[in-house]
Amino acid sequence: MRRIIYFLTVVCWGIFLFSSLLWGQDGLIPFPDKCGPYDREAALQNLEILGDHWGYGYDSLLADLGLWAQSPYATIGSLGASVQNRALWQVTITSDIPPTEPRRTVHIHARTHPNEVQGWWVTDQVIQLLLSEDPFAQFLREKCVFHIIPMYNPDGVELKYSRENAHGIDLESNWNANPVEPEVAVLRQRFTELMASPAPVEVALNMHSAWACKRYFVYHDSVGTSPPFTILERNFIEGIRYYFPNGIEPWFYFISWTSGTPLVYPESWFWLNHGEAVMALTYEDMNCASAGNYDMTAYALLHGVADYLGLPFTSIAAAPEPQTAPVQLRQSYPNPVNACDGITTSAVIEYQLFTAQQVTLDLFDVLGRKVATLDEGYRPAATYQLVFDMSRLSTGKYFYRLRSGNRVEIKQFTIIK
Ligand SMILES: [Zn+2]
């Protein structure tokens, strides 16, 4: 009898542990939590380490709003109020000169989960960069409008809740809840308004940070979106990674929406209402001791967004380069070339010649053996874009080398099968 009770106890514990692994500690969540399992204790520990309100409270935001308001490029406004009647502030950043062509719209919101302050620190660096006199910032302000909500859940921040609002509701995963939370209603109304405007949102970033101690984007599988969207997603994520390759994980690091389209997230709303038109993704920074490099992450984010929108940045500072560098070999894309999905089997390699010259572009494997000569001949000054079928190459790292006169440039990429 005792053995049976012992056996049943073990089985019950097994089921309990297994189901809590699947669904977290806060009840039934049909999709795995993108911010990692809900660990309230770890969040409170984090509160002790980082200080009150995880180092940035509502008062800190009010002080910063006062500073940003002094910039000619920033407009501060409130979109509505939280449960406890705190304003949901929006910072809009763009040029103070009227546009020559319609500006492109980028939306960023942070601090849905108050404990995940690192997602905010990246956003803060985005604001700092956008308000600076850096030539790239000037370029972005001229071409784009950035709407940024620094603190989407101010009550949660003030109440020291790690994930919820004042009603104890997770605003991230309750976008389709009925009744809808006031904060969700405000942001949904704002998105609806912007999507109906002449310059609808094209990129919407949802800034979080996860216990995984990695920086990554939550990639949406084609099962929950569409094959064309996943190609856009990869280009977007890898395009940002290009500017911080060792800092941000590759697109396949965290794949979600593998069993369908969830209905509960802001990204779900964008997907269901606007499909491929909006690159709406969650970014997860590191929520651990090794977090940092927020400036590098912000730099990569903004450069990647500009590239994704097809806005080539050529600064005055970068202009002397053509005289000193006769060639420029660019990073191939997509990288890695993922041949296991049956869609991507080719890669694009670009190089630019600033003067006419003889060039040789060779491909090598990881052991330095020449695999192919990709291009060879006397070429006039121009940008060359070469598409190569990679389907016959096996998994691994490859190098491509552009030789022109006594100058050699080498870059690498990876094939995954
Ligand atoms: Zn989160």
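Residues numbered from 1 in each chain as written. Predicted model: local features only at pLDDT ≥ 70, side-chain atom pairs only at ≥ 80, totals over all residues. Heavy atoms only, no water.

> Explain the packing of helix 8 (residues 227-241) against helix 10 (residues 294-308) residue by residue, including any values.
Running from amino to carboxyl end, helix 8 crosses helix 10 at an angle of 140°, the nearest separation of the two axes being 7 Å. As judged from the angle between their axes, helix 8 and helix 10 are oblique. Our pair here, helix 8 against helix 10, has a crossing hand that is right-handed. Of helix 10, the residues touching helix 8 (which contributes L232, F236, G239 and I240) are A300, L301, G304, V305 and Y308. When the residues that make up the contact of helix 8 with helix 10 are grouped by side-chain class, the tally is seven nonpolar, two polar and no charged. (Axes fitted to C-alpha atoms, helices over the stretch in contact; angles between N-to-C directions. Helix = DSSP H or I, 4+ residues; strand = E, 2+ residues; numbered from the N terminus. Parallel < 35°, antiparallel > 145°, perpendicular 65-115°, else oblique. Left-handed = near helix turned anticlockwise from the far one by under 90°. Contact = heavy atoms within 4.5 Å. Nonpolar A, V, L, I, M, F, W, Y, C, P; charged D, E, K, R; others polar.)

> Could you give an account of the side chain of N165, with specific residues and numbers?
Its location among the elements puts N165 in the loop between helix 6 (154-159) and helix 7 (182-195). Polar contacts involving the side chain of N165 include one to the side chain of E181, which spans 2.8 Å. In contact with N165, not counting residues within four places along its chain, are V83, N153, L171, E181 and E183. (Polar contact = N/O pair within 3.5 Å; in protein donor to acceptor, adjacent residues only side chain to side chain.)

> How would you explain the pattern of salt bridges if you had to name every residue and give the values?
When their charged atoms lie close together, side chains carrying opposite charge are able to pair. Inspection of every chain in the model, using the stated rule, returns 15 salt bridges. Of the charged contacts, one joins R163 and E116 as a salt bridge, the two residues approaching to 3.8 Å between their closest N and O atoms. One end of the pair, R163, is in the loop between helix 6 and helix 7; the other, E116, is in the loop between strand 3 (104-110) and helix 4 (117-130), and 47 residues separate them in sequence. Using a relative accessible area of 2% as the deciding quantity, one classes E116 as buried. Across the salt bridge formed by R190 and E193, the nearest N and O atoms sit 2.6 Å from each other. Taken together, the residues R190 and E193, both in helix 7 and three residues apart, mark about one turn of the helix. One network of salt bridges, in which partners are shared, links K34, E172 and E267. (Salt bridge = Lys/Arg side-chain N within 4 Å of Asp/Glu carboxyl O. Buried < 20%, exposed > 50% of the residue type's maximum accessible area, 1.4 Å probe, protein only.)

> Go over the sheet that holds strand 10 (residues 327-329) with me, naming the residues and quoting the values.
Reading across the sheet, the three strands line up as 10-12-15 and stay open at both edges, with antiparallel pairing between neighbours. The sheet is open, and its two edges are formed by strand 10 and strand 15 (382-389), each paired on a single side. On average, each strand axis in the sheet is inclined to that of its neighbour by 20°, with strand direction left out of account. (Pairing = 2+ DSSP bridges.)

> Describe in detail the state of the cysteines, supporting the description with residues and values.
Should the sulfur atoms of two cysteines be covalently bonded, the bond is a disulfide. Tallying each qualifying case throughout the model produces one disulfide. Sulfur-sulfur distance for the disulfide between C213 and C288 comes to 1.9 Å. Judged by the torsion about the S-S bond (85°), the C213/C288 disulfide is right-handed. With C213 in the loop between strand 5 (201-210) and strand 6 (216-217) and C288 in the loop between strand 9 (279-286) and helix 10, the pair connects residues that are 75 residues apart, well separated along the chain. When its relative accessible area of 25% is taken as the criterion, C213 is described as partly exposed. (Disulfide = S-S within 2.5 Å.)

> Describe the side chain of T112, and please don't skip the residues or the numbers.
The residue T112 is located in the loop between strand 3 and helix 4 in this model. The contact partners of T112, leaving out residues within four places of it in the chain, are Y152, N153, R163, L171, E172, N206 and H208.

> Got a sec to walk through the pairing of strand 5? Specific residues and values, please.
Buried residues dominate strand 5, accounting for nine of its ten residues. Two strands pair when backbone bridges link them, and strand 3 and strand 5 are joined in this way by six bridges, in the parallel orientation. Opposite H107, over in strand 5, you have A204 as the bridge partner.

> Tell me about the sheet that holds strand 4 (residues 144-149), and name the residues and values.
Spatial strand order, 1-2-4-3-5-9-6: seven strands in an open sheet with mixed pairing. Every other strand in the sheet has two partners, leaving strand 1 (74-81) and strand 6 as the edge strands with one partner each. Of the strands in this sheet, strand 5, strand 6 and strand 9 touch helix 8, which is tilted by about 40° from strand 9.

> Provide a residue-level description of the environment of T383, including the pertinent values.
Along the chain, the position of T383 falls in strand 15. It is 9.6 Å that separates the C-alpha atoms of T383 and V327, two residues lying 56 residues apart in sequence. Once you skip the residues sitting within four places of it in the chain, T383 turns out to touch R330, Y351 and Q352.

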